[in-house]
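An overview of the molecular structure
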Amino acid sequence: MTSDYYPYSKFTRVWIPDPDDVWKAAEIIRDYKEGEPVLHLKLEDETPLDYPVGPQSNPLPFLRNPDILVGENDLTALSYLHEPAVLHNLKVRFLEPNHIYTYCGIVLVAINPYAQLHIYGEEVIRAYSGQNMGDMDPHIFAVAEEAYKQMARDERNQSIIVSGESGAGKTVSAKYAMRFFATVGGSASDTNVEEKVLASSPIMEAIGNAKTTRNDNSSRFGKYIQIGFSRQYHIIGANMRTYLLEKSRVVFQAEEERNYHIFYQLCASASFPEFKDLGLTSAEDFTFTSMGENIFIEGVNDAEDLEKTREAFTLLGIKDGSQSSIFKVVAAILHLGNIAICSDRDGESCHVLRDDLHLKHFCRLLGVELQQMEHWLCHRKLVTASETFVKNMSTKQAENARDALAKHIYARMFDWIVEHINKALHTSSKQHSFIGVLDIYGFETFEVNSFEQFCINYANEKLQQQFNSHVFKLEQEEYMKEQIPWTLIDFYDNQPCIDLIEARLGILDLLDEECKVPKGTDQNWAQKLYKQNSSSAHFQKPRMSNVSFIIIHFADKVEYQCEGFLEKNRDTVYEEQINILKASQFQLVSDLFHDKNDVAPPKSSRVNVRAAKSTPKAPNKEHRKTVGHQFRSSLQLLMETLNATTPHYVRCIKPNDFKESFSFDSIRAVQQLRACGVLETIRISAAGYPSRWTYPDFFNRYRVLLKKSDMTSADKKLVCKILLETLIKEPDMFQFGKTKIFFRAGQVAYLERLRADRFRSACIKIQKTVRGWLQRVRYRKIRKSAVTLQRYGRGFLARRLADFLRQTRAALICQKQYRMVRDRRAYLRVRRAVVTVQAFTRGMFTRRIYQEFLLHHKAMVIQKTVRGWLQRRKFRRARDAAVTIQCGFRRVRAKRRVQELKIEARSNERLKKLNTGMENKIVQLQRKMDDQSKDLRTQNEQLVQVNSGLGSEVNKLQKQLEQVKSRQVGGAQVSSLQEELDRLREELQEASAQRKRMEEEHGNEKMGLQQRVEELERENSLLKSEKEEMNQRILQQSKSSGEDTSGASQRETSLQKELDAERQRYQNQLKEFSRLEQRYDNLKEELSLSKFQPGHQRNPSNQSSLESDSNYPSISTSEVGDTEDSIQLVEEMGAEKAAMDISLFMKLQKRVRELEQERKRLQVNLDKMEELAKCRGSESRSSVSEQETADLAYNNLKRQELESENKKLKNDLNEMRKTIAERASKNDSSNELQDGYNLLLSQLKSANEELDARKEEVLILRTQIVSAVQLRENNDQIESTKAPEVNSSKEPLDKEEALKAYHGLSESKKLLEAQLQTQTRQHKDELEALHTQIELLRDDIEKKQEMLTYTAALSPEARVEYSVQQEITRLTNDNLDLKELVEKLEKNERKLKKQLRIYMKKVQELEASQAAAQTSRSRPELMRQVTVQRKEKDFEGMLEYYKEDEALLFKALISDMRPNTVSATVPCLPAYILFMCIRHADYINDDQKVESLLTSTINAIKKVLKKNNEDFEMTSFWLANTSRLLHCLKQYSGDEAFMTQNTSKQNEHCLKNFDLAEYRQVLSDLSIQIYQQLIKVAEAFIQPMIVSAMLESESIPSLAGVKPMGGYRNRSSSMDTDAGGPSSYTLQALIRQLGQFHDTMQEHGLDPEIVGQVVRQLFHCINNITLNNLMLRKDVCSWSTGMQLRYNTSQMEEWLRGNNLFQSKAAATLEPLIQAAQLLQVKKKTTQDAEAICSLCTALSTQQIVKILNLYTPLNEFEERVSVSFIRSIQNRPQQTSDPPQLLMDTKHMFPVLFPYTPSALRLETMHIPASLGLDFLIRV
């Protein structure tokens, strides 16, 4: 230390002794020099004091710590370690921030607050779980977590030793420690061991706790509970050992005390029916419960406590019969105390009254003989060597024997209950490790101390010895680990005191020896003690007493009264009374008193756990072990157990003797601190190096003391060494360890003083600079103001002179202008007069000339008109005469020509001339047709080889043909043709008439529809007017009812909250269901979940999905619809919606049916012709007869007529459709009409497509018929060329050929028309595609304009980031488009390959046929009939698989699926594939396949998630696929609510046969479970990062200052300093992790709404964990932490904005954290500040605000602490009703998740399945 620094200088604060407050604070007012006898001080009330100082009698007072160290979590972190510093720190923490826990090295000091604190909830347990001891505020949970963690890490058993005075809170602390273990290490099976462990507490409190003057629930026994753990560190069992039950309380209680709680609980419940037979009344009526004169405890309901005790009995497996027996024993003890023993006259004997009701109740309840018990209560048996006789007892002796019996019965019952509790908590599985919780009495000293206090203090001596050795050992390990030179520290060893008690011929040995003496007395024992132990330093004899002795314990001197020692040590009970109880008729009572052999414990390395109870070996009472011997043995066993474990210490302190909440009595506190060894721990720590700093913390705190030249080195350890060697000259005052710097006491205070001086000088320099700057700024402002005033003054004068000059010049100008105007006006007046005179004169002369010209013009007009009329009359007469002559001449010539034409028409020559040209044309067309047919046959491979055996048949046919032709007459054939033509004309007329009728009907229907449309328009206008009126009314009402709307909004908000709560409850139930299901899976892994079969329903449709088995596609009723479907459509949609196109739709249906019949008829004809050709074989093939030709012509004409009619109907339908569409589009309000129209339009479109397909089939069939006819005609022609006699009848043959050629041309014309129609349709489709492309381009342009506008409004950095995101999105979309294009090209490639194979086959067949033709050219050629190839149907978005491939499907698609496998494909591809399989199963109406598919899918997903329950990517992947499968089931369910956004094609893909609503609910529940698992996995990832990133990392460098510490936080054994300490995370690491989560979910195609909810839940977790740590850590509650938090939260919000997640309400979850950060930074002094805080921190409860204010810690002396009065002003403000009762935030709370319906725009028919998935067995349908 530097020479100029002396601690006892002016302004130094010290502690001086005080009789009232133990220690009092003072301040030195004058420097003290060494050797002066007086130290001049000033007290806190400004009173001066001269404190005498002497080297021996009165040393210098203790120094006070700096204010910045006051309120430290760890007492060893104080710079000055002594008793006043410890007491003051505890007092400040207890009274100001109400912190009841404080560390003192390895000891947790717990002060009883005598109030309920909300710091023991499950959220607090979760906050401390997994944390290092010292990282959080001191707490019993931190000690429990440290023990649990060391057990798991070191695989060593642990113990938690809880000690303290009665009323200090030992039992409650032990209870909370066990609750922590039960919560953290819950059992892995269904045994619920942790619940049974907790259930033992109310039982032990009922039978072992009682009210004392110091505590309302004082434990009157000691217990050691061992909680056993498995290898997975789950609780598997427990065991309990008890020590020294206070049996005397059963028969005696002091004033204001009570007996054990169980007695009062039974008396309070005496009126219950099940307790009627106990014979109990009020507790005031019984002697054993009324000695304390107060049977009630404030705030305690004994009847309710008994109910809890009974529930605990039941949970531990104690049957109702056993419980009833226990209650009978307790009631019997009460009745035993009320038995009146009357003295006889001689005074040496006594008796019990015969009619004593309590004796009867006692015997009845215990099942013993009344006479025997009555006799032996007043007599005893004496056994001598020669005889046995019965002796009377006096009243006093009988009462003592009765009380001894009561105590013995209660003690045996107590041991029996403990034994059965141990049986209930016992486990058959192997115990791997255990944690013991010792709840034992602390050091006790009263005015009268007896045998119980002696045993208690003896146990505390043993525990103190173990504590001292353990503290010394830890201190030594710390020095050795840091390689600090070890110097032996002298510490208090209480082994001499322990030897005084338990050594040979010690106090206990002498007591046991005196008990064996027949007439031993307490006085004789006292004399033996004086004689034997007078030389011991720890034993004293009182001056004024010969029946007491004094032992000097480690805590204090205690005087013990010898009276009663022997009796309590013997614990005598008469054997006769015990034998009566052994003979009880009740088994439980008999079992209580049966003797058991005392079996010695086996030698083992592990300590066995057993109950410490009295187990007499023999019936002879003189050979029983004494109470002292039993206690010493059990204590030795306890010490062996503790020495075999790692101990953790909890010292409970009682702050006052009046049970006042948060009242601190310094005298009582110091007594207990001395007694419990806390000050000894301080002394051992202070003897070495108590203050310890890590190198980084020391550098960050004291780098301000460095020079700039000293900071050149990058090694912080070297820099710290240089600094300390410069500042502290004495090398013994500090030591450098491996990771820490060790300081002697007071050195940290010295460094703090140097740091404060450095800051003070820096502040002075800053103030000087700032003040100079302020003065310079003020001077500049004054100078600037003067210059400004001068400038404005001079300007005013200049402006005034300029105004005078301007006004003078303006006056001259005004005079000049006035004179000019006056003269100009006179001139203009004269000029106007002259001009007026001239104008009138010239007008008069001009009018005269005009009148003359007008007269001449009228005369000329009259002459012209008369001359023209005369010429026209002459011309008309001449023309009429010429016309009359021409008419007469022409009539004569016409009559002549008519006669000639009539004569010519009667002749045949004319007809031949007319037919000559036509025949030539027909021949040419026939030749051309032959050429085309040959080419066609060559291309289509329709040439057939002529059979060689047909030659003879041809000759026969030629002969028959000649015979037929010879019989025919030329005129007969012409007449038959003429008749056929007449018949065809009649039919054509009928068809035209029918067409006219249909046109008329269509026109009428069109008129009706137009009228209906007009009516709908009128109704629409009326509705619009009504809507406007209603809008006006609503506006008026909204103006007048603003308050009502606010109330409605509040109601809506409340309803929304109720809905969220209901969702939360449902999802919690679902979570519980999943937990139970998980447990079921763990227990029965071999069973599958196939039992789960939710039902499904069929749609109300009897249609079959397979209506035609033919090779050609048929029109099914499910696709086109019939009359019943139309009626059903009308019923569903309403008459008005379906009335528009229903008639046209019916006609089209009728037309389709007719075409279907026509197709079938043609197919039948074709089949018949093929069969006929096969049957005849080699028979002759004659030419087409006249009747067949007529039928063919008739069919052709009929088809033409039907086609023309069909075209006309289609045109009318299209026109009508356009008209209705235009009108519907004009009327925007009639959405229902538009929807109905769109529905009918889609159905009509599908019907038209089917109609076109049928027409193509008819054309193909017709072409085949024509080709067959042509084939026969060619054969006939060949035969005619070979037969010469046939040439004679050439004219009829030519006519037949011409007719056939005409029909062939007609057919070719129709084919060309069909091709033209096809091209027209293609053109229309291309036009529509171009229109669609134009619309898409317009939308693209609009989007780009919006993007450009949005980009222009952004900052340059955001603009760059936004452009990069947009480019990534564009590239992703292009990639998807290219993938779709590749899929289409692959599809086309497959089609082309298939066609190529077909063509190759045809080419091979053609080559073979040509080769055969070349070999047999002499044979006639026959055409081979071409089979009609069925067109490949388009992919309808369905996938088919066989039943045996189902396992492969789930294995490839679910079990073996990895997200990266389908990362480059469409998102949620497995869901789409599964749905396409479901669609096919629905299409084929296979309910078993649907059920198996869905059930297996759900089970497979559950198995995959169970296997990958910690994989975020896999969980996110299956959440996206499950939700997408759910959306697909909704989108294609057929419900109108889910079809609003579908395309017409998607509506066609809806499910037809099954209603899967129940499976949708199951999938929804599964999605919720996956979502909850996703949240758990994500929280497990980020939870270790949150505290380090949000609170500990320096996001703003050099902002956070390090507070001086060095206590237990840096010495916790749970921190692995050798490994570099726990890994720290920065804020950027946390944000990167969140970004990875977000990118993963987006990559998997998860809905944006669900992504937002996940992010909101994670932000909620971040907020709650950060806020909980903030409220449980004093070291982070500072101004700089508030600044860091505000920066961190702003970065998190910026991340939300960058990912478009700000609307997900995630930012709102950070509001409590933001307000907490603001609370750390705002001003906290005045009442106005308190009001501002309450209005600012609306998201924090008052309890949380007070907690943060209590924890607020200044990092240096320039900051001020928050005053207690300010915190009380916050507390006294009215709390909000919505404030939660718990302090910490619930980190396990989960918001209810919503899965909004998001239909997919992806078309199923465009889906491509990659080959890498191995799904080749799926068939595209």
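All values derive from a computational prediction rather than experimental measurement. (Residues numbered from 1 in each chain as written. Predicted model: local features only at pLDDT ≥ 70, side-chain atom pairs only at ≥ 80, totals over all residues. Heavy atoms only, no water.)

1. Digging into the overall build of the protein
What the protein contains, in helices and strands, is 50 helices and 30 strands. The long-range fraction of contacts in the protein, counting pairs at least 24 apart against all pairs at least 6 apart in sequence, stands at 75%. When the accessible surface of the protein is summed, it comes to about 99500 Å², and 53% of that surface belongs to carbon and sulfur atoms. (Helix = DSSP H or I, 4+ residues; strand = E, 2+ residues; numbered from the N terminus. Contact = heavy atoms within 4.5 Å. Areas by Shrake-Rupley, 256 points an atom, 1.4 Å probe, with all protein chains shown as cover.)

2. Things to note about the pairing of strand β19 (residues 548-552)
Burial analysis of β19 places 5 of its 5 residues in the buried class, which makes it a mostly covered element. Because side chains alternate across β19, one face comprises the buried residues Ser548, Ile550 and Ile552, and the other comprises Phe549 and Ile551, equally buried. The pairing of strand β18 (residues 539-540) with β19 spans 2 bridges and is classified as antiparallel. Residue pairing in the sheet places Gln540 in a bridge with Ile550 of β19. (Buried < 20%, exposed > 50% of the residue type's maximum accessible area, 1.4 Å probe, protein only. Pairing = 2+ DSSP bridges.)

3. Describing a nonpolar patch on the surface
On the surface, a nonpolar cluster with roughly 400 Å² of combined accessible area is contributed by Ile766, Val770, Trp773 and Leu774. Within the secondary structure layout, Val770 lies in helix α25 (residues 747-905). Classification of Val770 by relative accessible area gives partly exposed; the value is 39%. (Patch = residues over 30% accessible without salt bridge, like charges linked within 9 Å, V, L, I, M, F, W, Y side chains within 5 Å. Salt bridge = Lys/Arg side-chain N within 4 Å of Asp/Glu carboxyl O.)

4. What about the sheet that holds strand β1 (residues 13-18)?
With antiparallel pairing, the 5 strands of this open sheet are ordered in space as β4-β3-β2-β1-β5. Every other strand in the sheet has two partners, leaving β4 (48-52) and β5 (62-63) as the edge strands with one partner each. Of the pairings in the sheet, the one linking β1 to strand β2 (residues 22-28) comprises 6 bridges and is antiparallel in character. Along β2, the bridge assignment pairs Ile16 with Lys24. Against the sheet, helix α1 (residues 83-95) engages β1, β2 and β5, with an angle of about 100° to β2. (Axes fitted to C-alpha atoms, helices over the stretch in contact; angles between N-to-C directions.)

5. A look at the nonpolar core
Membership of the largest hydrophobic core comes to 320 residues, with the highest contact counts inside it found for Phe181 and Phe549. If near-sequence neighbours (up to four positions away) are discounted, Phe181 is found in contact with Ala144, Ala147, Tyr148, Ile160, Gly186, Ile227, Phe229, Ile235, Ile435 and Val437. Counting residues in each nonpolar core, the second largest holds 19 residues, with Tyr695, Leu706, Phe743 and Leu751 among its members. (Core = buried A, V, L, I, M, F, W, Y, C linked by side-chain atoms within 4.5 Å.)

6. Focus: the sheet that holds strand β22 (residues 691-694)
Within the open sheet, the 3 strands sit side by side as β22-β24-β23. Their pairing is antiparallel. At either margin of the open sheet sits one strand with a lone partner, and together these are β22 and β23 (734-736). The mean angle between the axes of side-by-side strands here comes to 20°, regardless of whether they run parallel or antiparallel. With 3 bridges connecting them, β23 and strand β24 (residues 740-743) associate as antiparallel partners. Residue pairing for β24: Gln735 is matched across the bridge by Phe742.

7. Digging into the confidence of the model for the protein
Looking at the protein as a whole, its pLDDT mean stands at 78, while 75% of the residues score no less than 70. Mean pLDDT in the protein bottoms out at strand β27 (residues 1422-1423), which sits at 36, and peaks at helix α6 (residues 261-268), which reaches 93. Here residues 597-623 is a poorly scored stretch, pLDDT under 50, and it has 41 contacts once near neighbours within four places are set aside; other chains count. In this model, residues 1416-1433 is a region of pLDDT below 50 whose contacts with residues beyond four sequence positions or in other chains number 46 contacts. (pLDDT = per-residue confidence, 0-100.)

8. Here's the deal with the packing of aromatic side chains
Inspection of the entire model under this criterion finds 38 aromatic pairs. Measuring from ring centre to ring centre gives 5.1 Å for Trp525 and Phe565, while their planes differ by 25°; the resulting arrangement is stacked. Here Phe565 lies in helix α17 (residues 565-570) and Trp525 lies in helix α16 (residues 522-533), a separation of 40 residues in the sequence. Here Trp525 matches Phe565 in class, with each residue buried. Judged by centre distance (5.9 Å) and plane angle (15°), the rings of Phe539 and Phe549 are stacked. (Phe/Tyr/Trp six-rings, centres within 6.5 Å; stacked < 30°, edge-to-face > 60°.)

9. Some thoughts on the pattern of salt bridges
Using the criterion set out here, one finds 34 salt bridges in the structure. The shortest N-O distance in the salt bridge between Asp757 and Arg760 comes to 2.9 Å. Here Arg760 and Asp757 lie together in helix α25, a separation of 3 residues that amounts to about one turn. By relative accessible area, Arg760 is classed as partly exposed at 42%. Here Glu1446 makes a salt bridge to Lys1443, at a shortest N to O gap of 3.5 Å. Salt bridges sharing common partners tie together Arg220, Glu246, Arg249 and Glu257.

10. Describing the environment of Gln232
Take Gln232: it is sitting in the loop between β11 (222-229) and β12 (235-243). C-alpha of Gln232 to C-alpha of Ala152: the two residues are 80 residues apart in sequence and 8.7 Å apart in space.

11. Quick word on α6
Judged by how many residues are buried, α6 sits mostly within the fold: 7 of 8 residues are covered. Residues of α6 that are buried sit in contact with α5 (193-208), β9 (209-210), α7 (287-290), α8 (302-315), α9 (320-337) and α12 (395-425).

12. Considering helix α4 (residues 170-184)
Note that an α-helix has 3.6 residues per turn; residues three or four places apart therefore point the same way. Compared with an ideal rise of 1.5 Å per residue, which puts 15 residues at 21 Å, α4 spans 21 Å between its outermost C-alpha atoms and is within 8% of the ideal. Among the residues making up α4, those that are buried are Lys170, Thr171, Ser173, Ala174, Tyr176, Ala177, Met178, Phe180, Phe181 and Ala182. (Expected span 1.5 Å × (residues − 1).)

13. Side note on the packing of α9 against α12
Closest axis-to-axis distance for the α9/α12 pair is 9 Å, and the angle between their directions is 165°. Relative to α12, α9 is oriented roughly antiparallel. As α9 packs across α12, the resulting crossing turns out to be left-handed. Where α9 approaches α12, its residues Ser322, Ile326, Val329, Val330, Ile333, Leu336 and Gly337 are matched on the opposing element by Arg402, Leu405, Ala406, Ile409, Tyr410, Met413, Trp416 and Ile417. A class-by-class count of the residues in the contact of α9 with α12 yields 12 nonpolar, 2 polar and 1 charged. (Parallel < 35°, antiparallel > 145°, perpendicular 65-115°, else oblique. Left-handed = near helix turned anticlockwise from the far one by under 90°. Nonpolar A, V, L, I, M, F, W, Y, C, P; charged D, E, K, R; others polar.)

14. A look at the side chain of Thr1798
Assignment of secondary structure puts Thr1798 in the loop between α50 (1764-1771) and β30 (1819-1820). On the accessibility criterion, Thr1798 (17% relative accessible area) is buried. The contacts of Thr1798, once residues within four sequence positions are left out, are Arg1524, His1527, Asp1647 and Glu1649.

15. Points about the side chain of Thr171
Among the secondary structure elements, Thr171 is positioned in helix α4. With residues near it in sequence (within four places) discarded, Thr171 still touches Glu205, Asn209, Ser219, Lys223 and Asp439.

16. What about the packing of helix α15 (residues 507-516) against helix α20 (residues 627-643)?
Closest axis-to-axis distance for the α15/α20 pair is 9 Å, and the angle between their directions is 145°. Across the interface between the two elements, Leu508, Asp509 and Asp512 of α15 pack against Gly628, His629 and Arg632 of α20. Partitioning the contact of α15 with α20 into residue classes produces 1 nonpolar, 2 polar and 3 charged.

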